[in-house]
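Reading the structure
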Amino acid sequence: MTIEQTVDIPANHRLTIDVPRDIPAGRTILAFTPAPAEDIGMDGECPLDHTPNAETIAAMEEGDAMERGEIPVTWYNSLDDMWEALHK
């Protein structure tokens, strides 16, 4: 599993990282790659000026509620198991 996120490195070069719970504990590799200037606006904002629609916002809120334990999460042993459940 790979998680990628663009962040701004502060002047003190300190970052705090919250690792998602679905990442297993243990040894991992962190890689830092400077983002090309054209990937982000000069002000650090998304150049597409994207505003999520209601469906996307609802999905993000559902994910947050799962993370807080307010609604149950379904775990799968394999990608095939997940696809099978989705098709039911």
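Structure: see above.
The structure displayed is predicted, hence computed values, not measured ones.

With that out of the way, let us pick up the overall build of the protein chain. Secondary structure assignment for the protein chain yields two helices and zero strands. For the protein chain, the residues scored as buried account for 1% of the 88 residues in total. Counting only carbon and sulfur atoms, one obtains 53% of the accessible surface of the protein chain, whose full area is about 8900 Å².

Turning to helix H1 (residues 54–68), a few remarks are in order. Within an α-helix, residues lying three or four positions from one another point in the same direction, as the helix has 3.6 residues per turn. Between its first and last C-alpha atoms H1 spans 21 Å; for 15 residues at 1.5 Å apiece the expected length is 21 Å, and the two agree. Its side-chain oxygen 3.2 Å from the backbone nitrogen of Glu55, Asn53 forms the N-cap of H1. Of the residues one or two after H1, Gly69 is the one with positive phi, at around 85°.

Okay, the pattern of salt bridges next. Pairs may arise between side chains of opposite charge once their charged atoms sit close together. Counted by the stated rule, this structure contains two salt bridges. Its salt-bridge partner being Glu70, residue Arg68 comes within 2.8 Å of it at the nearest N-O pair. Taken individually, Arg68 and Glu70 each receive the classification exposed, so the pair is uniform in this respect.

A separate point is a nonpolar patch on the surface. Where nonpolar side chains cluster on the molecular surface, the patch consists of Val7, Ile9, Leu15, Ile17, Val19, Leu30 and Phe32 and spans about 680 Å² of accessible area. Tracing the backbone shows Ile9 in the segment before H1.

What counts, and at which threshold
- Throughout this description, residue numbers start from 1 for each chain and increase along the sequence as written.
- Owing to the predicted nature of the model, reporting of local features is limited to residues with pLDDT of at least 70; listing and counting of side-chain atom pairs is limited to 80 or more, with chain, interface and lining totals taken over all residues.
- Computation of side-chain values: all heavy atoms of the structure, hydrogens and water removed.
- Each helix is a run of DSSP H or I of at least 4 residues and each strand a run of E of at least 2, with the numbering of both proceeding from the N terminus.
- For each residue, the accessible area found with a 1.4 Å probe, counting protein chains only, is set against the maximum for its type, and the residue is called buried under 20%, exposed over 50%, and partly exposed in between.
- Residue exposure ignores everything except the shown protein chains as possible cover, and the areas themselves are Shrake-Rupley values with a 1.4 Å probe.
- Take the residue count of a helix, subtract one, and multiply by 1.5 Å to get its expected span.
- For the purposes of these results, a polar contact is taken to be a pair of N or O atoms within 3.5 Å, where, inside protein, one atom must be able to donate a hydrogen and its partner to accept one; residues adjacent in sequence count only when each atom of the pair is a side-chain atom.
- Just to be clear on terms, a salt bridge is a Lys or Arg side-chain nitrogen sitting within 4 Å of an Asp or Glu carboxyl oxygen.
- Excluding any residue in a salt bridge, patches collect residues exceeding 30% relative accessible area, merging like charges within 9 Å and nonpolar Val, Leu, Ile, Met, Phe, Trp and Tyr side chains within 5 Å.

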